[in-house]
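Here's the letter readout for the chains.
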Amino acid sequence: TPIPVTIASQPGPRYRITRVAAPGAEGRPEAAALQDLVGEPARGANVVSAQEQLIERLLASGHPFAKVSARDVLVDHDRQAMEITLDTSPGPFATFANAEVSGTQRVNPAFLARFTDRRLADRPYDPARVARTRAAVTALGVFDSVRLDTGDALAADGRLPVTLAVSERARNAIGFNAAYETRF
């Protein structure tokens, strides 16, 4: 005979985030935005989100090597509180260097370098700008693949190297057709 079993659960108290600190990025607007998390529920997803937001903001503000080197989460059960510390290294501010182009066959590499440099060269690093530039080169319609990479270190002049590698599409025939008709 089956034995009836009843499982009852009662949710405990809700823990809240009471402090978010980012040593290494104090006073920066990118870190100040983390204070929006204070008062939010203390969940792992909020901790990961805080770290991702900080890195995204630092990258978008011209720091291509920004990273969080350590994440410390302290939970105080007596206060039902969570404190988050993200040890941050923004890294140097950088602008883009002129692009180095490879993989062209019929397209003039100097044209492609100028096309890319108008969108990137001497502007602050921003991953969104890299994505928009890659999309603009792809939209030219003559390449099978477009890869736009940035360097792992700054060049001697303090700018971030940019490499554009393309693979051209096979030539296509273009035809034109014209017709004229009159009806009386």
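Residues numbered from 1 in each chain as written. Predicted model: local features only at pLDDT ≥ 70, side-chain atom pairs only at ≥ 80, totals over all residues. Heavy atoms only, no water.

A. Seen up close, a nonpolar patch on the surface. Together, Ile3, Val5 and Ile7 give the surface a local cluster of nonpolar side chains, amounting to about 400 Å² of exposed area. Under the relative-accessibility criterion, Val5 is labelled exposed at 66%. (Patch = residues over 30% accessible without salt bridge, like charges linked within 9 Å, V, L, I, M, F, W, Y side chains within 5 Å. Areas by Shrake-Rupley, 256 points an atom, 1.4 Å probe, with all protein chains shown as cover. Salt bridge = Lys/Arg side-chain N within 4 Å of Asp/Glu carboxyl O. Buried < 20%, exposed > 50% of the residue type's maximum accessible area, 1.4 Å probe, protein only.)

B. Structural context of unusual backbone geometry. Positioned with a positive phi, Gln80 is a non-glycine residue whose angle comes to about 55 degrees. Here Gln80 is to be found in the loop between strand 2 (67–76) and strand 3 (81–89). One non-glycine residue, Asp122, lies in the positive phi region at around 65 degrees. Here Asp122 is to be found in the loop between helix 3 (109–120) and helix 4 (127–139). (Helix = DSSP H or I, 4+ residues; strand = E, 2+ residues; numbered from the N terminus.)

C. Just the side chain of Thr88, in detail. The residue Thr88 is located in strand 3 in this model. Assessed through its relative accessible area of 8%, Thr88 is described here as buried. Leaving out residues up to four positions away in the same chain, Thr88 has contacts with Ala22, Pro23, Gly24, Ala25, Leu54, Leu58, Lys67 and Val68. (Contact = heavy atoms within 4.5 Å.)

D. Spatial organisation of the nonpolar core. Core analysis: the largest hydrophobic core is formed by 35 residues, its most contacted members being Leu54 and Val137. Those elements giving two or more residues to this core turn out to be strand 1 (16–21), helix 2 (44–60), strand 3, strand 4 (96–102), helix 3, helix 4, strand 5 (143–150) and strand 6 (160–168). Tallying contributions element by element places helix 2 first for this core, with six residues. For Leu54, the contacting residues outside a window of four places in its chain are Ala22, Glu30, Ala31, Leu34, Val68, Leu86 and Thr88. (Core = buried A, V, L, I, M, F, W, Y, C linked by side-chain atoms within 4.5 Å.)

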